[in-house]
Structures are given as structure tokens and as C-alpha cells.
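Remarks on the overall topology
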Amino acid sequence: HQVGDSRPPWAGAQQSRYRTQVAALRPSSSDGGGNETAATHAPIYYAALAPAYALASSSPFSQLTLMRLTSALIGALTVLFTFLLAREFAPGRPWLAVLAALLVAYQPMYGFISGAVNNDVGVNAAAAGLELVLIMILRRGVTVGLGLLTGALLVALPLVKGTGLSLYPVAGFVFIVALWRHHSRSDLFGWLAVLVGAVVMVAISSHALAGLEPAAAT
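These remarks concern the structure in this document. Small disclaimer: the values here were computed from a predicted structure and weren't measured.

Contact geometry for helix H2 (residues 44-55) and helix H3 (residues 60-89): axes closest at 8 Å, N-to-C directions at 135°. As far as their axial angle goes, H3 and H2 are oblique. In terms of crossing hand, the pair formed by H2 and H3 is right-handed. Contact residues: H2 offers Tyr45, Ala48, Leu49, Ala52, Tyr53 and Leu55, while H3 offers Gln63, Leu66, Met67, Thr70, Ser71 and Ile74. Per-class residue counts for the contact of H2 with H3 are 9 nonpolar, 3 polar and no charged.

Okay, here's the thing in C-alpha cells:
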């Protein structure tokens, strides 16, 4: 829909020219004709939907329905992380956390996207998770558990979708403030855990996911 040649009118001459071009390319019949738009993203989000696809029957409608339900559950994680984040900001006002979660859950476009097979759902959940652990580090200091989670999420986020890189400056700012507030010797293990979590996720993405990465991926 973003290419001028594909817009109407789609005349017989255009169809004939298209078939000639396709025949010259000799696309494989085993992969639907080649990579499409999702091929530019790493397979983390799509791999999460694979069990639902495998459980469904051979009907594409059944496969799509189960994948959409799974995607909706991933979308619900963003709502949960929003609730927990608001609890971190205002632990004495639980109603504020409920309100924040409801604002996300009932935002029309968010609900629409979360019910589709779209890796925006995955990057939303990963970004909300990263924001939550960053706020926890600011308030509580860096622990080994928080450090491992933060490092893993920092690497995984842009692997779900490249737009996740937009949170890197935010994470950098949080690290500077957190180091200024929490820089005792006991905090060293937490900061080392951030590095370990990142290295482990890099290893997983380089080896375990390498076989799923299409050649067209950047």
C-alpha cells in the first residue's frame, strides 16, 4: 500500500508486467515468495506467538485467532507494569495505580493493536517493563535481581523492535542519577549484574535466535 505501482488502477498490462518480473526473480514457493515487512525485526515477539500457532489446527483463521489471543495477553503485561510503576511512584495511593492501568487498558488504539499480531505489542510490553525496573532502581537502589533484569531488557528491547532504542537515553540518565545516589561498595554487585544480564541476553540473541533470524534482517 506504500508503493505507487500497487495502487489502482491495476490494469491487465500491469498484471502481465508484474508476472514477468516475478518469473524472472524465480521466488521460492516454500516461503511465500520471500521476506516481508516483519523480516526486518528480530523474532522475539513472533517466537512468543509460535506455540499458539502450533496448537491451532491447519486453518489460518484458527491460527490467527490463537495468536491474537496470545498477543492480547502480552499486551496485558503493559497494563500490569503500568499498575506496578504507579505503585512505585505513589505507594500510599493505590487508586492512582488502578487509574493509570485503566487508562492504558482502555485506550482505544492500544486495545486495537494489542488484539492484532503486531510487534508493537511486544515492544510496548518490553518498554513498560524496562521503565518499571528503572524507576525501582531510582527509588530502591540497584540490586542483583534488578540489575540482571535491567541488563537483559536493555538488550532485548531493540531486538523486539528497533524503536526501543529511544529509551536508551532515558536509561542512561537513570543510571547517572542512580550512581550519584547509590555508589557504595555494596551497590557494586548490582551494577555488575546489569552488565551480566546484558551479556547473557546478547549471547542468547546471537546463538539461540540466530537460526530464526532472516537474511533480510538488519
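That shown, we press on.
For the rest of this paragraph, the subject is the packing of aromatic side chains. Tallied over the entire structure, the rule returns 2 aromatic pairs. Taking the centre distance of 5.2 Å and the plane angle of 75° together, the rings of Tyr45 and Tyr46 count as edge-to-face. Owing to a relative accessible area of 3%, Tyr45 belongs among the buried residues under this scheme. On the basis of relative accessibility, which here comes to 28%, the residue Tyr46 falls in the partly exposed class. Here Phe175 and Trp191 contribute two aromatic rings whose centre-to-centre distance is 5.7 Å and whose plane-to-plane angle is 90°, an arrangement assigned as edge-to-face. A residue pair is termed long-range when its members are at least 10 positions apart, and Phe175 in helix H8 (residues 168-181) and Trp191 in helix H9 (residues 188-208) qualify at 16 residues. Under the relative-accessibility criterion, Phe175 is labelled buried at 18%. Trp191 sits in the buried class, given a relative accessible area of 17%.

Using the criterion set out here, one finds 3 salt bridges in the structure. When the shortest N-O distance is used, the salt bridge between Arg140 and Glu88 registers 2.2 Å. One end of the pair, Arg140, is in helix H6 (residues 119-140); the other, Glu88, is in helix H3, with 52 residues separating them in the sequence. Overall, the relative accessible area of 52% leaves Arg140 in the exposed class. Accessibility expressed as a relative area gives 9% for Glu88, which makes it buried. Linked through salt bridges whose partners overlap, the residues forming this network are Glu88, Arg139 and Arg140.

With that out of the way, let us pick up the side chain of Thr78. Here Thr78 lies in helix H3. Its relative accessible area of 7% is what places Thr78 among the buried residues. Within the structure, the side chain of Thr78 is placed 3.2 Å from the backbone nitrogen of Ala125, a separation counted as a polar contact.

Cut-off values and rules
Residues numbered from 1 in each chain as written. Predicted model: local features only at pLDDT ≥ 70, side-chain atom pairs only at ≥ 80, totals over all residues. Heavy atoms only, no water. Axes fitted to C-alpha atoms, helices over the stretch in contact; angles between N-to-C directions. Helix = DSSP H or I, 4+ residues; strand = E, 2+ residues; numbered from the N terminus. Parallel < 35°, antiparallel > 145°, perpendicular 65-115°, else oblique. Left-handed = near helix turned anticlockwise from the far one by under 90°. Contact = heavy atoms within 4.5 Å. Nonpolar A, V, L, I, M, F, W, Y, C, P; charged D, E, K, R; others polar. Phe/Tyr/Trp six-rings, centres within 6.5 Å; stacked < 30°, edge-to-face > 60°. Buried < 20%, exposed > 50% of the residue type's maximum accessible area, 1.4 Å probe, protein only. Salt bridge = Lys/Arg side-chain N within 4 Å of Asp/Glu carboxyl O. Polar contact = N/O pair within 3.5 Å; in protein donor to acceptor, adjacent residues only side chain to side chain.

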